[in-house]
Amino acid sequence: MKVLVPIKRVIDYNVKVRVKADNSGVELANVKMAMNPFDEIAVEQALRLKESGGADEVVVVSIGPSQNQETIRTGLAMGADRGIHIEASHDIEPLAVAKLLKEVVTRENPGLVFVGKQAIDDDCNQTGQMLAALLGWAQGTFVSGIEISGDKATVIREVDGGLEHLAISMPAVVTVDLRLNEPRYASLPNIMKAKKKPLDSISVEELGVDVSPRLTVIKVEEPEARSAGIKVADVSELVNKLKNEAKVI
Amino acid sequence: MQFGLSEEQELIVSTVRSFVETEIYPLEDEVEKLGHVPTEMGQAIKQKVIDMGFYASNFPDHVGGGGLNNLEFALLERELGRGSMALTHFFGRPQNILMACKDEQIEKYLTPAVKGERMDALAMTEPGAGSDVRGMNTTAKRAGGDWILNGTKHFISGGDHADFFIVFVATGVDDTPHGPKKRITCFLVDRGHPGFEVLPGYNSVSHAGYHNVILKFEECRLPDAQVLGEVDGGFEVMNTWLYATRITVATMCVGRARRAFDYALTYAAERKQFGKQIGKFQGVSFKLADMITEIDAADWLTLASAWRLDQGLPANREIASAKLYASEMLARVTDEAIQVYGGMGLMDDLPLARFWRDARVERIWDGTSEIQRHIISRDLLRPLGG
């Protein structure tokens, strides 16, 4: 079975994000970029599946400018077998991403798609679900555990108040959550091999998907700075403040 | 000229940096307080590095190493330099000199060192022989077909975790027109060998947890099979294999300076006094400008010297310049980083005071600044008959 792992290039999670002076978006110039951490977890899960004999090929795919090839190489250095780069010069919205990925799935015919539950830049949390819907496949979302046997998979989802166990049929789209695994570091032998692994580039046009934006960004602003809290002396003062100042009770 | 890194080199840098930030930084305070690295902690780091295929990355592929060239290895060590030396010691980089192993030495020392099964330490310095290596008083004398070693070595870095030692001793004296000159031979000595004792060393102000030990040889009998290289060929193996270790000091200084600088830079942008960020005051901003200029200068000087080695070009002077400049730069940068922070920079809550203390040894070990200046000036003057 082949596993497809879509990976997104985002601002590194250690970077303090700054809004552009003209409020048109966030500053990306000279900012360290990295693979979306949830997608790293997806790559890791695919590699583990391959190592346990449950998959025979792991293909990573990324959509974006030429620099996305660096992100793909990171996936290859972790151990993925092959990369696909879909060249796109501007930001692609989740529905268009899902449509592009659907085309890739049609070409590649994977048995499973592992993808991060969301990207840490826009936090949309839509692509996996939309992809499953477009394909008419089963989906397991926010997955923190998975077991595959034959054409069925049991996934564990973290829900309010506990863990939900769901059985889904394959092929499926599985969006992965933080506690599924701890992604490995790229290994030195894989880093050295990464450049020799195949990386195909496809243009958006070749896939015949309309990726023109449907949304208009009006303004991007920093969240309002939080003001310092206060300490109350006792419960009655707290209740008084909640009742008369905050007016929430 | 080409100053960019290849994709592989970029990945090596980002992987090692990420490892140091994630696996080493969180353990540093504990090691600093304990004054040593607990065995399990060291083993856990080592195992992760082995699993990543980064152990012994300075050794060639054909002996099981990572096959990095000098430039790539310098980049790797630069990133390791950010972390505590006591901990990054377990990101194993055995001494290259083990490549001189032959016959059964390969199976007994080289292979296990590369696999991370046995750790090595290098023993040259003696109480009476620091910069003057040839002044060593530890001797090996022939007894039957064997050697009998007597003497003391000290400042043996990393010796507390070593399973065997690469030891340089005097095996005779030659009379030369310049006076008597000692012949040196290199031996491989196992911990626990009769007549050989490993004793705790001194407490150092720099690199808490990264220990030095004292080695004592008393009528320690070793067979010829323990000689690394040739008998009386100690200087040859030293010059062939230990030539580049100064790059390690230089490049680790660059990494640590960059970490100290990042603290200062962030603080200058955040800390407000007199109603504005302190980075808006020229007294602070110019410090930052000078610090990064010196860090970059040291970085390029170091990488260029490693590159020269890879090209097979003479590099002795360049390596000496890199070691000299980077170690002195680190002293200035760590000092100024504290100055940017003010009083808080001296408190244990931040690692800046530690960087400052750690920086002190870099101008001393692996050849003092004065020895490096001697090497540089000799290299320049000799062709002119000076």
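Residues numbered from 1 in each chain as written. Chains lettered and ligands numbered in written order. Predicted model: local features only at pLDDT ≥ 70, side-chain atom pairs only at ≥ 80, totals over all residues. Heavy atoms only, no water.

1. Focus on the overall build of chain B
1) Next: Each helix and strand in chain B was counted, giving eleven helices and ten strands.
2) Next: Its C-alpha atoms give chain B a radius of gyration of 22 Å, within 12% of the compact-globule value 21 Å for 386 residues.
3) Next: Its C-alpha atoms put chain B at 80 × 55 × 40 Å along the principal axes.
4) Next: In chain B, the proportion of contacts linking residues at least 24 apart, taken out of those at least 6 apart, comes to 74%.
5) Next: For chain B, the computed accessible surface area is about 17400 Å², with 54% contributed by carbon and sulfur atoms.
6) Next: Computing the positive centroid from 41 side-chain charges and the negative centroid from 53, chain B places the two 5 Å apart. (Helix = DSSP H or I, 4+ residues; strand = E, 2+ residues; numbered from the N terminus. Rg over C-alpha atoms; globule rule 2.2 N^0.38 Å. Contact = heavy atoms within 4.5 Å. Areas by Shrake-Rupley, 256 points an atom, 1.4 Å probe, with all protein chains shown as cover. Lys, Arg positive; Asp, Glu negative; His and termini not counted. Charge placed at Lys NZ, Arg CZ, Asp CG, Glu CD.)

2. Overview of helix H1 (residues 37-51) of chain A
Residues and elements named next belong to chain A.
1) Next: Taking 1.5 Å of rise per residue, 15 residues should cover 21 Å, and H1 covers 21 Å from first to last C-alpha, within 8% of that figure.
2) Next: Within H1, the full set of buried residues consists of Phe38, Asp39, Ile41, Ala42, Val43, Glu44, Gln45, Ala46, Leu47 and Leu49.
3) Next: Within two residues after H1, Gly53 carries a phi angle of roughly 85°, on the positive side. (Expected span 1.5 Å × (residues − 1). Buried < 20%, exposed > 50% of the residue type's maximum accessible area, 1.4 Å probe, protein only.)

3. Points about a nonpolar patch on the surface
1) Next: Residues A:Ile230, A:Val232, A:Val235, A:Leu238, A:Val239, A:Leu242, A:Val248 and A:Ile249 make up a contiguous nonpolar surface patch of about 690 Å² in total accessible area.
2) Next: Its location among the elements puts A:Val248 in the segment after helix H6 (235-244). (Patch = residues over 30% accessible without salt bridge, like charges linked within 9 Å, V, L, I, M, F, W, Y side chains within 5 Å. Salt bridge = Lys/Arg side-chain N within 4 Å of Asp/Glu carboxyl O.)

4. Examining the packing of aromatic side chains
1) Next: As enumerated under the stated definition, the model contains 13 aromatic pairs over all chains in all.
2) Next: Here B:Phe155 and B:Tyr202 contribute two aromatic rings whose centre-to-centre distance is 5.5 Å and whose plane-to-plane angle is 75°, an arrangement assigned as edge-to-face. In this pair, B:Phe155 sits in strand E3 (residues 146-157) while B:Tyr202 sits in the loop between strand E6 (196-200) and strand E7 (212-222), placing the two residues 47 residues apart along the sequence.
3) Next: Residue class for B:Tyr202 comes out partly exposed when judged on its relative accessible area of 41%.
4) Next: Ring plane angle 90° and centroid distance 6.1 Å describe the contact between B:Tyr210 and B:Trp365, whose orientation is recorded as edge-to-face. With B:Tyr210 in the loop between E6 and E7 and B:Trp365 in the loop between helix H10 (352-362) and helix H11 (369-381), the pair connects residues that are 155 residues apart, well separated along the chain.
5) Next: A relative accessible area of 16% means that B:Tyr210 is categorised as buried.
6) Next: Taken together, the aromatic side chains of A:Tyr185, B:Phe19, B:Phe54 and B:Phe91 make up a single cluster linked through ring pairs.
7) Next: When the ring centre of B:Tyr25 is taken as reference, the NZ or CZ atom of B:Arg259 above it lies at 3.6 Å.
8) Next: When the ring centre of B:Phe281 is taken as reference, the NZ or CZ atom of B:Lys276 above it lies at 4.8 Å. (Phe/Tyr/Trp six-rings, centres within 6.5 Å; stacked < 30°, edge-to-face > 60°. Lys NZ or Arg CZ within 6 Å of the ring centre and 35° of its normal.)

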